[in-house]
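Structural overview
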Amino acid sequence: MSGPARVPPPWRLRGSGYLFLFTFEPWFLRNGGFLPPELVGEHFEGQLGALMLVDYRQSPVGPYRELLFAAGRNLRWRHHLFSIARIYVSTEASAAGGRENWAIPKQTAEFEVVQEKDAERVIVQRDRLAEVDLTVAPGRGLPVPALGFLAPPSWRTIVQFRDGQALATRLRGRGVLRPAKLLDFRTLPKAFPDVNKGEPVAGFHIEDFRLRFPAPVRRRTP
């Protein structure tokens, strides 16, 4: 039985989500087993990480939820480029499209969402095991309209690897930013990077965003 048909880029998505930035000791990502071989070496400065929890209400493959961890920086490709190291999505259509189009290592999982007072708890399960359990909440502060999420192009570029090539994708988006808090985070060992081992830098709730995922630019890796 064949899987879902691939939907080629560009993908235009709409939804809301949370973004949390952390810094880590250099050994954390290198030794955690989360990075692809192309990133493990002297060219990778593994001190920055991004945790994202997203609810896509509209996409070319229908609504889905997503939890990801992106590691940066990869100095081989200059500036603050990120690579997605771990990612769970709630539908196979999203997983297949992400792997085929951008070499994003998406895995399917079940997302249980529990609405709590002024907060949202999300439990991500695979094979009936809760691999990640986190609670997030919007913080106090005025909403700020953000074109491109106020990020320079290098911060909006992800680089993934496949068959001796680096696939660089520059995202475009707009939305509304508020402060946000990560109230609790738990994960099984080796399932997902434990952000409790990092130092929080900033947290944002991104409301009603629109995001464009174009086709990647392919380069041969050295």
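First things first, this report covers the structure right here in the doc. Keep in mind that this is a model prediction, so the values were computed, not measured. (Residues numbered from 1 in each chain as written. Predicted model: local features only at pLDDT ≥ 70, side-chain atom pairs only at ≥ 80, totals over all residues. Heavy atoms only, no water.)

1. Considering the packing of aromatic side chains
In total, this model carries 11 aromatic pairs according to the counting rule given. For the ring pair phenylalanine 69 and phenylalanine 192, a centre distance of 6.5 Å and an interplane angle of 80 degrees mean the geometry is edge-to-face. Taken as a pair, phenylalanine 69 in strand β3 (residues 64-74) and phenylalanine 192 in the loop between β12 (172-187) and β13 (199-213) lie far apart in primary sequence, 123 residues in all. Taking the relative accessible area as the measure of exposure, phenylalanine 69 reaches 0% and is therefore buried. With centroids separated by 6.2 Å and ring planes inclined at 45 degrees, the aromatic side chains of phenylalanine 185 and phenylalanine 192 adopt a geometry described as tilted. We classify phenylalanine 185 as buried; its relative accessible area is 3%. What links up through ring pairs into an aromatic cluster is the set Phe22, Phe24, Phe28, Phe69, Tyr88, Phe185 and Phe192. (Phe/Tyr/Trp six-rings, centres within 6.5 Å; stacked < 30°, edge-to-face > 60°. Helix = DSSP H or I, 4+ residues; strand = E, 2+ residues; numbered from the N terminus. Buried < 20%, exposed > 50% of the residue type's maximum accessible area, 1.4 Å probe, protein only.)

2. As for the sheet that holds strand β11 (residues 165-170)
Taken together, three strands build an open sheet; the order of strands is β10-β11-β14 and the sheet is antiparallel. One side of each edge strand has no neighbouring strand; the edge strands of this open sheet are β10 (157-162) and β14 (217-220). For this sheet, the mean inter-axis angle between neighbouring strands, taken without regard to orientation, is 25 degrees. Direction of pairing for β11 relative to β14: antiparallel, over a ladder of four bridges. Its bridge partner being in β14, glutamine 165 is matched across the sheet by arginine 220. (Pairing = 2+ DSSP bridges. Axes fitted to C-alpha atoms, helices over the stretch in contact; angles between N-to-C directions.)

3. Observations regarding the side chain of lysine 106
Along the polypeptide, lysine 106 turns up in strand β5 (residues 106-108). A polar side-chain atom of lysine 106 sits 3.0 Å from a polar atom in the side chain of serine 94. In contact with lysine 106, other than residues within four places in its own chain, are Trp11, Tyr64, Glu66, Ile87, Val89, Ser94, Ala95, Gly98 and Arg99. (Polar contact = N/O pair within 3.5 Å; in protein donor to acceptor, adjacent residues only side chain to side chain. Contact = heavy atoms within 4.5 Å.)

4. Brief notes about helix α2 (residues 92-102)
Taken residue by residue, α2 has Ser94, Ala95, Ala96, Gly97, Gly98, Asn101 and Trp102 as its buried positions. Immediately beyond the C-terminal end of α2, within one or two residues, lies alanine 103, with a positive phi of roughly 60 degrees.

5. So, the environment of tryptophan 27
Note on placement: tryptophan 27 falls in helix α1 (residues 27-31). Residue classification places tryptophan 27 among the partly exposed residues on the basis of a relative accessible area of 48%. Sequence-wise, tryptophan 27 and glutamine 47 are 20 residues apart; in three dimensions their C-alpha atoms are separated by 8.6 Å.

6. Observations regarding the nonpolar core
If you look at the biggest cluster of nonpolar residues, it comprises 33 residues, and the most contacted ones within it are Leu51, Leu67, Tyr88 and Leu134. Each residue touching leucine 67, except ones within four places of it in the same chain, is listed here: Leu51, Met52, Leu53, Arg86, Ile87, Tyr88, Phe111, Val124, Val132, Leu134 and Phe192. Counting 27 residues, the second largest nonpolar core, distinct from the first, contains Trp11, Val89, Ala95 and Leu177. (Core = buried A, V, L, I, M, F, W, Y, C linked by side-chain atoms within 4.5 Å.)

Scope: geometric values only; no functional claims are made or implied.
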